[in-house]
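These are the residues of each chain, in order.
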Amino acid sequence: MDTTALRSAYEKLFEAAATPGLGAAADGGWNADQVLAHVLSVDAAVAAVALGVVAGSRPAFDNRVALDPAHLGRIIAGHAGRAALTRRVRSQAAILCDIADSLDEQAASVQVPAFLVSGDTLVLDQPIPLAALIDGLAEDHVPVHTRQILALRS
C-alpha cells in the first residue's frame, strides 16, 4: 500500500494539535486531547487488525471503544500533557503506516468485518477490504479530526 496521503494527513493533524489557544468545543464536543486520544485508539485498532490479517487470522474492526469517554480519559491520563499525547499519536501513526506499507495486495484485499459509528449514527456495518479501512483514515477520519481540532482555536 502507498501511505503517502495518510502520512500527509497525520502531519496536518500534528500541526493542528500544536496550535496555541485550543479551547473547548462550542458544541460541548471533544477537546483536542480527546480528539488525539480517539485517533490514537483507532490507529491502534486498525494496526491490530492489519497485523491480525498478516498473521492469518480474520479480525474485525469496531470503533465503539474509541468513542467511549472513560477510555479516552484513560489514554489522556497516561500522558503528561498534549505534547506527550501528540508524540504518542505520532509514534502510533508511524507504526500503522509502516504496517500498511508492508501489506501485499493479497493482505490489503482481505475483507474485514467493520462496524463504524460516528456519534449516534451508524456509518458502516459490513465487511470492507483492509486497504479501504486504512485508506479511509487518510480520506476521511484524520482530516475530519484535524478540522475538529482547528475549530477549537480561540
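What counts, and where the lines are drawn
- Residues numbered from 1 in each chain as written.
- Predicted model: local features only at pLDDT ≥ 70, side-chain atom pairs only at ≥ 80, totals over all residues.
- Heavy atoms only, no water.
- Core = buried A, V, L, I, M, F, W, Y, C linked by side-chain atoms within 4.5 Å.
- Buried < 20%, exposed > 50% of the residue type's maximum accessible area, 1.4 Å probe, protein only.
- Helix = DSSP H or I, 4+ residues; strand = E, 2+ residues; numbered from the N terminus.
- Contact = heavy atoms within 4.5 Å.
- Polar contact = N/O pair within 3.5 Å; in protein donor to acceptor, adjacent residues only side chain to side chain.
- Pairing = 2+ DSSP bridges.
- Axes fitted to C-alpha atoms, helices over the stretch in contact; angles between N-to-C directions.

K.L.:
Help me out: how do you make sense of the nonpolar core in this one?
P.N.:
For soluble globular proteins, the rule of thumb is that nonpolar side chains tend to be buried together. Counting 49 residues, the largest nonpolar core has Tyr 10, Leu 13 and Leu 130 as the members making the most contacts within it. Here the element with the most residues in this core is helix H2 (residues 32-54); it accounts for 12 residues. With near-sequence residues (within four places) excluded, Leu 13 lies in contact with Leu 36, Val 39, Val 89, Val 142, His 145, Thr 146 and Ile 149.

K.L.:
I'm lost on the side chain of Thr 19 in this one. Help?
P.N.:
Summarising the element assignment, Thr 19 is placed in the loop between helix H1 (4-17) and H2. You can call Thr 19 buried: its relative accessible area is 18%. A polar contact is formed between the side chain of Thr 19 and the backbone oxygen of Glu 15, at a distance of 3.4 Å. In terms of polar contacts, Thr 19 uses its side chain to reach the backbone carbonyl oxygen of Ala 16, at 2.9 Å. Residues contacting Thr 19, with those up to four places away along its chain left out, are Leu 150 and Arg 153.

K.L.:
What's the story with the pairing of strand S2 (residues 111-118) in this structure? I'm lost.
P.N.:
A regular strand places its side chains so that they alternate between the two faces of the sheet. Pairing analysis gives 2 bridges linking strand S1 (residues 61-62) to S2, with the strands arranged parallel. By the bridge assignment for S2, Asp 62 is matched with Phe 115. Here S2 runs beside strand S3 (residues 121-129); their pairing, made up of 8 bridges, is antiparallel. If you follow Val 117 over to S3, its bridge partner there is Leu 122.

K.L.:
Explain the sheet that holds S1 here, please?
P.N.:
Backbone hydrogen bonds are what pair the strands of a sheet, in a parallel or an antiparallel way. One open sheet holds the 3 strands; their spatial order is S1-S2-S3, and the pairing between them is mixed. The open sheet terminates on both sides in strands that have one partner only, identified here as S1 and S3. The sheet contacts of helix H6 (residues 130-150) involve S1, S2 and S3, and relative to S3 the element is tilted by about 135°.

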